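So you can see what is in the structure, the chains are spelled out below.
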Amino acid sequence: MPPLKVAIIGGGPSGFYVASRLLHLLPKSDFRVHIYDRLWAPHGLVRYGVAPDHPEVKNCTNKFDEVASDPRVQFFGNVNVGHDPRLDYHSLPLSLHALFPYYTHLVFATGAPRPKILPLSRFPRSSFYISALDLVHWYTMHPDSKYSECSPIPHDTRHISLIGHGNVSLDIARLLFTSPSRLSHLDIPSRVTKKLGETWETLKHISIIGRRGPKEMRFTAKELREMLKLEDASLDPIPATTLDDALRGNGDAEGGGLSRQQQRLIRLLKEGSQTATPKQKTFSIDFWRNPVAFNLRHPTEHPRVELDLEETKLDTSGGAVGTGTIGKHNTDLVVGSLGYESDPSIFESSSSLIGPFPWYDSVVGKMRTAPAGGRVLTPDGHIVRNVYASGWAGRGARGVLAGTILDANDVAFAVVEDWAEQHGGKENWGNGEDEVGSHTPKIPLGQTPLAAISPAGDLDGVPHAVEAGLLRGSVVPYKAWLTIEGEERRRGRGEKERERMAWEDVQSVLKKLKTP
């Protein structure tokens, strides 16, 4: 059979789990997987999204190290595939067109890196209205962070309003209400820890606001329980009627009642409201409120911002609609945490011969995929042969790591299944274990821009720009990443997991690697 050579765009959990499953499905085959990432560091949200006080979630990187050690897998960090190079000055720009001749299959595992924001017409971006991603990028030292030298939280902030009832809101609130002494050993840059300490001294209250009710919360029980057990902050009691009304929906979830997860969350809130001991710092979880206007007061006075919150209710389709009743809400900083969507810019590159790639669905903020196997679809519903989307890129920004693993397994199975069926060798692959069962859906096949049979160069061949980047040290292979990681851990001096480095520091480490 012709060789299988897969390019995976995105070196986060989804990309590495796809590679891992391919190795599992083809244990004796001589194929190749090349993982490209725009950032110089691998692991995506595991490095740049997991809450610093949840280090156990990062244990999956041991598995990724194992995957990268297989000679059939290569990682190329700091390669900016498809994105506008003006947005990223130090990574190597590479068009999708440059990849196509070198690979037989292409997997997008680019995640959902763009935050959904409140309408800019009513909520202009300012120092007092930021996205949750601004904060997460800051405290994880993401290369895209706009706050490398300062804090996104204005000085002397006393009240913060988080818009959105998801885990990211709880992560941020929990971190902001954790005392500096308990932050010092965590994987947070030292300069950020110092600024968080300054915020902790002045911050008194956090409002977590959602436009729906208790039944529609998107928290996990673990995250909510941690919030309710904070040593230095307590929950403002929620009116019993609000929670009791939600619990009356108890019953079969499929019949419109509450799921076990919903029941658990509501009961946690009810118990937390009843047993809360007032503390110096407080937080509230506010339901049935939707921000409709942002009014900036004097920036040196408190409160700095006045929000108009409209009371809401659910319509017959389950959507939140306004009732027309408006209330005033005073705060110092508004943080939007409304979810995330994939970045369409990777598909917008154009060429006089090929043009842009219509694989992104702007309505749902993700790639357009078939029901099984992550196979990418054209707008008219045809499968783009040998092109796939895994993880949040294909199913949207929802779910936790376990779901990402299942999805990656399904995509990997589809890749191998399609490769085998196209070349008549299905009986020659697999390891005899249970199959994920993606199975090619009955959808018409379209054309593919990828190599039809034999990729350019040999199995290890890469685009010339990537090869040149490796030689001059601007492209970061996994072996170099392990050296960088070792240096970060050394800088932690045993007092914390690591001290993260900026690209300038990374370059000095890479130069030492190239010096004989």
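Described below are features of the structure shown in this document. Values in this document were obtained by computation on a predicted structure and should not be read as measured data.

## Comments concerning the overall build of the protein
In step 1: Tallying secondary structure elements over the protein gives 16 helices and 21 strands in all.
In step 2: Taken over 516 residues, the protein has a buried fraction of 55%.
In step 3: When the accessible area of the protein is evaluated, it comes to approximately 23,000 Å², of which 52% is carbon and sulfur surface.

## What about the packing of aromatic side chains?
In step 1: With the rule as written, the count across this model stands at eleven aromatic pairs.
In step 2: Ring geometry for F75 versus Y478: centroids 5.9 Å apart, planes at 90°, classification edge-to-face. Here Y478 lies in helix α15 (residues 478–491) and F75 lies in strand β3 (residues 73–77), a separation of 403 residues in the sequence.
In step 3: Each member of the aromatic cluster is reached from another via a ring pair, and the members are F16, Y17, F64, F75 and Y478.
In step 4: Taking the ring centre of Y103 as reference, the NZ or CZ of K5 above it sits at 5.0 Å.
In step 5: The ring of W200 carries the charged tip of K281 above its face, separated from the ring centre by 4.7 Å.

## Quick word on the packing of α15 against helix α16 (residues 503–514)
Packed helices, taken two at a time, are described by the angle between their axes plus the distance between the axes.
In step 1: Where α15 meets α16, the closest approach of the two axes is 10 Å, and the angle between their N-to-C directions is 120°. Judged on the interaxial angle alone, α16 and α15 are oblique. Our pair here, α15 against α16, has a crossing hand that is right-handed. Contacts between α15 and α16 pair A480, T483, I484, E487 and R491 from the former with D505, V506, V509, L510 and L513 from the latter.
In step 2: Taken together, the residues of the contact of α15 with α16 sort by class into six nonpolar, one polar and three charged.

## Notes on the nonpolar core
In step 1: If you look at the biggest cluster of nonpolar residues, it comprises 50 residues, and the most contacted ones within it are I160, I206, L269 and I285.
In step 2: Here this core takes six residues from helix α5 (residues 132–140), the largest share from any one element.
In step 3: In contact with L269, not counting residues within four places along its chain, are M217, L224, L235, I238, L243, I285 and F287.
In step 4: Counting residues in each nonpolar core, the second largest holds 46 residues, with F16, V18, F413 and V476 among its members.

## Some remarks on the layout of surface pockets
In step 1: Looking at the second largest pocket, its volume works out to about 300 Å³.
In step 2: Counting only elements with at least two residues in the lining of the second largest pocket, the list comes to α5 and α16.
In step 3: For the lining of the second largest pocket, the per-class residue count stands at nine nonpolar, five polar and three charged.

## A short note on unusual backbone geometry
In step 1: Here the residue pair H302 and P303 is connected by a cis peptide bond, since its omega of -5° sits within 30 degrees of zero.
In step 2: Of note, P303 is situated in the loop between β13 (289–296) and β14 (305–314).
In step 3: Non-glycine residue D156 carries a positive phi angle of around 60°.
In step 4: Here D156 shows up in the loop between α5 and β9 (159–163).

## Looking at the packing of helix α1 (residues 13–25) against helix α3 (residues 61–69)
In step 1: As a packed pair, α1 and α3 sit with axes 10 Å apart at the nearest point and diverge in direction by 55°. Relative to α3, α1 is oriented oblique. The element α1 and its partner α3 pack so that their crossing is left-handed. The residues of α3 that touch α1, namely those facing P13, F16, Y17, A19, S20 and L23, are K63, F64, V67 and A68.
In step 2: For the contact of α1 with α3, the class distribution of residues is eight nonpolar, one polar and one charged.

## Here's the deal with the sheet that holds strand β15 (residues 320–331)
In step 1: Spatially, the three strands line up as an open sheet ordered β13-β14-β15, and their pairing is antiparallel. Pairing within the sheet leaves two strands with one partner each, and these edge strands are β13 and β15. For this sheet the average axis-to-axis angle between neighbouring strands, irrespective of direction, equals 20°.
In step 2: Examined bridge by bridge, β14 and β15 share nine bridges and lie antiparallel to one another. Within β15, the residue paired with L309 across the bridge is G327.

Rules behind the numbers
- Residues numbered from 1 in each chain as written.
- Predicted model: local features only at pLDDT ≥ 70, side-chain atom pairs only at ≥ 80, totals over all residues.
- Heavy atoms only, no water.
- Helix = DSSP H or I, 4+ residues; strand = E, 2+ residues; numbered from the N terminus.
- Buried < 20%, exposed > 50% of the residue type's maximum accessible area, 1.4 Å probe, protein only.
- Areas by Shrake-Rupley, 256 points an atom, 1.4 Å probe, with all protein chains shown as cover.
- Phe/Tyr/Trp six-rings, centres within 6.5 Å; stacked < 30°, edge-to-face > 60°.
- Lys NZ or Arg CZ within 6 Å of the ring centre and 35° of its normal.
- Axes fitted to C-alpha atoms, helices over the stretch in contact; angles between N-to-C directions.
- Parallel < 35°, antiparallel > 145°, perpendicular 65-115°, else oblique.
- Left-handed = near helix turned anticlockwise from the far one by under 90°.
- Contact = heavy atoms within 4.5 Å.
- Nonpolar A, V, L, I, M, F, W, Y, C, P; charged D, E, K, R; others polar.
- Core = buried A, V, L, I, M, F, W, Y, C linked by side-chain atoms within 4.5 Å.
- 1 Å grid on protein atoms, 1.4 Å probe; cavity = no way out; pocket = protein on both sides within 12 Å on 5 of 7 lines; lining within 4 Å.
- Points joined across faces, edges and corners; volume = space filled by probe spheres on them.
- Pairing = 2+ DSSP bridges.

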